[in-house]
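Read off the chains here:
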Amino acid sequence: MRQPIVFVTDFGRDDAYAAALTGAAWRVDPHAICVEGTHGIPPGDVLGAAYQVKALARAFAGGAVLCAVVDPGVGTERRAIAVKAGRIRCVAPDNGLVSYLWEESSPDDRWAVRVDIARDASPTFHGRDVFAPFAAQLSSRERFDSTGDLIDDPVILAGAFAQRDGTRLTGRVAVVDHFGNAITTIRDVDLGGRRVRSVTWRGGAAPGLVATYADIDTGLGALIGSAGHLEIAGRGAAAVAAGGPHLGDAVEVELG
Amino acid sequence: MRQPIVFVTDFGRDDAYAAALTGAAWRVDPHAICVEGTHGIPPGDVLGAAYQVKALARAFAGGAVLCAVVDPGVGTERRAIAVKAGRIRCVAPDNGLVSYLWEESSPDDRWAVRVDIARDASPTFHGRDVFAPFAAQLSSRERFDSTGDLIDDPVILAGAFAQRDGTRLTGRVAVVDHFGNAITTIRDVDLGGRRVRSVTWRGGAAPGLVATYADIDTGLGALIGSAGHLEIAGRGAAAVAAGGPHLGDAVEVELG
Amino acid sequence: MRQPIVFVTDFGRDDAYAAALTGAAWRVDPHAICVEGTHGIPPGDVLGAAYQVKALARAFAGGAVLCAVVDPGVGTERRAIAVKAGRIRCVAPDNGLVSYLWEESSPDDRWAVRVDIARDASPTFHGRDVFAPFAAQLSSRERFDSTGDLIDDPVILAGAFAQRDGTRLTGRVAVVDHFGNAITTIRDVDLGGRRVRSVTWRGGAAPGLVATYADIDTGLGALIGSAGHLEIAGRGAAAVAAGGPHLGDAVEVELG
């Protein structure tokens, strides 16, 4: 059965670029099922896009081909790759977009290949000329091998993962979402089942974790969001407006 | 025949939340037809969403399952409901989102049920774990009864409807649309076929109604918009920039 | 085979207007394939929309019905038209939206017809009541004639095309895209295969053309973008922030 192609880009929605991906996929496969994951990644923000790739892989856990195009290096020598992790496949420039997808998969259940870039691909628009067509090829077939040379070293962003030092975890804000919640690189698995004693950042702190947004009385609270990452949220307002951390700021967790 | 699922949320389009609804619907029904009504409701604005639910019910008058998720109370005790009004069904938290849909339907042709919330639903994301899956269940079958306990008291927003006092109607601005038009809670049916002598708000007035935007010479005009609500519009500019009312401001109509 | 309907409007995505087009198309043809080209044209910007119509015609070169609705004159006497250019058909108000589509097609391979406007069409929303339904009629059949009276004079925007004076081309910025690139009305075909010696605008200049964005070292560069128009781009930043031209500004090219 044909799997949906889910786009994740920084193209925005005000130009023809986003729809051009659907057009390019349909040229390969007129029955391709195209879904807009999001085109709202901040321009060039590979870490933010890697997080949304993870969130969408969870949302389409039944199987999907993610087509991730945040590609400041388009037209240069950077590789194009495709990754398979469980039932999810992902086509992307090799710049770290698959960081969570790759690292959070079992080594027995993940593969990566290098994707050829045709000589006549526009040097400014590999999304249309390389990634979307390749995604359309993948979405209509189960086989993943023999699509390119196997590689085992996709680029992984070091900054995508929290560091642990004793009872202290240090991460940073990877995404500020539409509601102003500051989503960090600190994940539920990083907590190891231990209690959170405090969450701190330059100029602010939250005393521990709450279960849901409505449990935040006033000011700020920390909770585990829907993709399993610790986030700092305000009560009916953007976290940053209530003294929360900004995109990129360091956040520390003290475990109990 | 399968009806489309039309989403109405305040999720924005820059994260994975909106697409996650489609993923969740497809997990229930791989052939679900998912449409983005809008994900651009101002965060937490239930009245604005209730208006867009009405507008989309008109736009998909042949039949649709609206899935409305503006849900500041997610994770609390508020009910989840489904409403049927003619050929439109709507799944939503019970906070007033169905105000127009319910009140503008004949009592003989509307039903509401309470929807169960699974214990393992994420406390932060009922859109994905409750509303979208239930919408997918409804969209592929005609039957509406036996889906939950019947209720007859969905929450209705008092502020969604204009008050009448003699020849005076008092409403307020429910939505400021993309063009800056200030759409009020005063509806064509509220006019009762009578002439509009004046439309006033704090600091401004329009002398009566015009037929279309191009009829506004200079400054501001009032007209009945495409969903049957009185709106105040500027000539090629946002109404508020020309002295029009803001979101939430009171607006009065004097009938002839 | 049914062709996709691709919408191009200035409706934004925060109201029900955009989705209402899909609803209206489905009322005519429940199997219509609706694609959001873009709803992000600046309000009333016919030239910007004409450019996106061209870009989307390229992106859906296998065939599509574009439904372009940037329509400040809705409800007035302006004509509604449909154009066929090769495998692309386009339904639009007759205000210049088809400028590139018409002028860049061979006179042997283009047709235009006048589209009837039903008397009961809402005077404020021809997108829903005229253009989307007509697009749905076209998308499911090959025939284009006998859909309306043939015309040969669709409105063409004079400002959509660069002027040539000896070795000098003068155009202007038609679109500033999501990345801040300033896309001009100067096209690769206007260069006639000659070398670009300089690109200048009030207060700035670029020395010639580069091949791709990553070739811009610092400051600004000029290149031919993915739809064949000359654009001025910044290195990882909006062109205007680095001294580039604004929307509407004149741009000159000196040919070698």
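Just above sits the structure.
Here is what the cut-offs are and how they apply
Residues numbered from 1 in each chain as written. Chains lettered and ligands numbered in written order. Predicted model: local features only at pLDDT ≥ 70, side-chain atom pairs only at ≥ 80, totals over all residues. Heavy atoms only, no water. Helix = DSSP H or I, 4+ residues; strand = E, 2+ residues; numbered from the N terminus. Rg over C-alpha atoms; globule rule 2.2 N^0.38 Å. Buried < 20%, exposed > 50% of the residue type's maximum accessible area, 1.4 Å probe, protein only. Contact = heavy atoms within 4.5 Å. Areas by Shrake-Rupley, 256 points an atom, 1.4 Å probe, with all protein chains shown as cover. Lys, Arg positive; Asp, Glu negative; His and termini not counted. Charge placed at Lys NZ, Arg CZ, Asp CG, Glu CD. Salt bridge = Lys/Arg side-chain N within 4 Å of Asp/Glu carboxyl O. Least-squares fit on C-alpha atoms with pLDDT ≥ 70 in both. Buried area = accessible area lost by both parts, 1.4 Å probe. Polar contact = N/O pair within 3.5 Å; in protein donor to acceptor, adjacent residues only side chain to side chain. Nonpolar A, V, L, I, M, F, W, Y, C, P; charged D, E, K, R; others polar. Axes fitted to C-alpha atoms, helices over the stretch in contact; angles between N-to-C directions. Parallel < 35°, antiparallel > 145°, perpendicular 65-115°, else oblique. Left-handed = near helix turned anticlockwise from the far one by under 90°. Expected span 1.5 Å × (residues − 1).

Assigned secondary structure in chain A consists of 5 helices and 15 strands. Relative to the 2.2 N^0.38 estimate, which gives 18 Å for 256 residues, the radius of gyration of chain A is 19 Å and therefore close to what a compact globule would have. Along the longest, intermediate and shortest principal axes, the C-alpha atoms of chain A span 55 × 40 × 35 Å. For chain A, the proportion of its 256 residues judged to be buried stands at 60%. Counted over contacts in chain A with a minimum sequence separation of 6, partners at least 24 positions apart contribute 69%. Here chain A displays about 10100 Å² of accessible surface, and carbon together with sulfur accounts for 49% of that area. The distance from the centre of the 25 positive side-chain charges to the centre of the 31 negative ones in chain A is 3 Å.

A few words now on the pattern of salt bridges. Summed over the entire model, instances satisfying the criterion amount to 33 salt bridges over all chains. Taking the shortest distance from any N to any O, the salt bridge between R187(C) and D190(C) comes out at 3.0 Å. Looking at R187(C), the relative accessible area reads 11%, which means it is buried. Judged by its relative accessible area of 13%, D190(C) falls in the buried class. In the salt-bridge network here, residues are joined through shared partners; they are K54(A), E104(A), R187(A) and D190(A).

Our next topic: the relation of the copies chain C and chain B. Between the two copies, chain C and chain B, the superposition gives an RMSD of 0.0 Å; the rotation angle is 120° and the shift along the axis is 0.0 Å. The superposition of one copy onto the other is thereby described by a three-fold rotation axis. Nearest to the rotation axis, the C-alpha of R13(C) is located 5.3 Å from it, this being the minimum over chain C.

One frequently used descriptor of interface size is the decrease in accessible area upon assembly of the parts. Listed as interface residues are 29 residues of chain C and, on the opposing side, 25 residues of chain A. Both sides together, the interface formed by chain C and chain A hides about 2000 Å², and carbon and sulfur atoms give 59% of it. Contact with chain A buries area across many residues of chain C, yet H178(C), F179(C) and S226(C) alone supply 27% of it, more than any other trio. Remark: the boundary between chain C and chain A carries 0 salt bridges. Remark: the boundary between chain C and chain A carries 13 residue pairs in polar contact (both at pLDDT 80 or more). Every element with two or more residues in the side of chain C that touches chain A is listed here: strand 2 (34–38), helix 2 (46–59) and strand 13 (220–224) of chain C. Top element by residues in the side of chain C that touches chain A is helix 2 of chain C. It accounts for 5 residues. Counted by class, the side of chain C that touches chain A contains 17 nonpolar, 9 polar and 3 charged residues.

Moving on to the packing of helix 1 (residues 17–28) of chain A against helix 2 of chain C. Where helix 1 of chain A meets helix 2 of chain C, the closest approach of the two axes is 8 Å, and the angle between their N-to-C directions is 20°. By the angle between their axes, helix 1 of chain A is roughly parallel relative to helix 2 of chain C. In the packing of helix 1 of chain A onto helix 2 of chain C, the handedness of the crossing is right-handed. Packed against helix 1 of chain A, whose contacting residues are A19(A), A20(A), G23(A), A24(A) and R27(A), the element helix 2 of chain C presents L56(C), R58(C) and A59(C) at the interface. Its residues assigned to classes, the contact of helix 1 of chain A with helix 2 of chain C comprises 5 nonpolar, 1 polar and 2 charged.

With that settled, the discussion passes to helix 2 (residues 46–59) of chain A. All names here are of chain A. Over its 14 residues, helix 2 extends 20 Å from the first C-alpha to the last, a length consistent with the 20 Å expected when each residue adds 1.5 Å. Counted residue by residue, helix 2 has 13 buried out of 14 residues, so it is predominantly covered. Taking the backbone nitrogen of L47 as reference, a side-chain oxygen 3.4 Å away marks D45 as the first, capping residue of helix 2.

Next up on the list: the side chain of S122(B). Residue and element names in this part refer to chain B. The topology assignment puts S122 in the loop between strand 6 (110–115) and helix 4 (126–139). Overall, S122 belongs to the buried group, its relative accessible area being 14%. Here the side chain of S122 touches T124 through a polar contact of 3.0 Å, side chain to side chain. Ignoring sequence-local partners within four residues, the contact set of S122 consists of R128 and D129.

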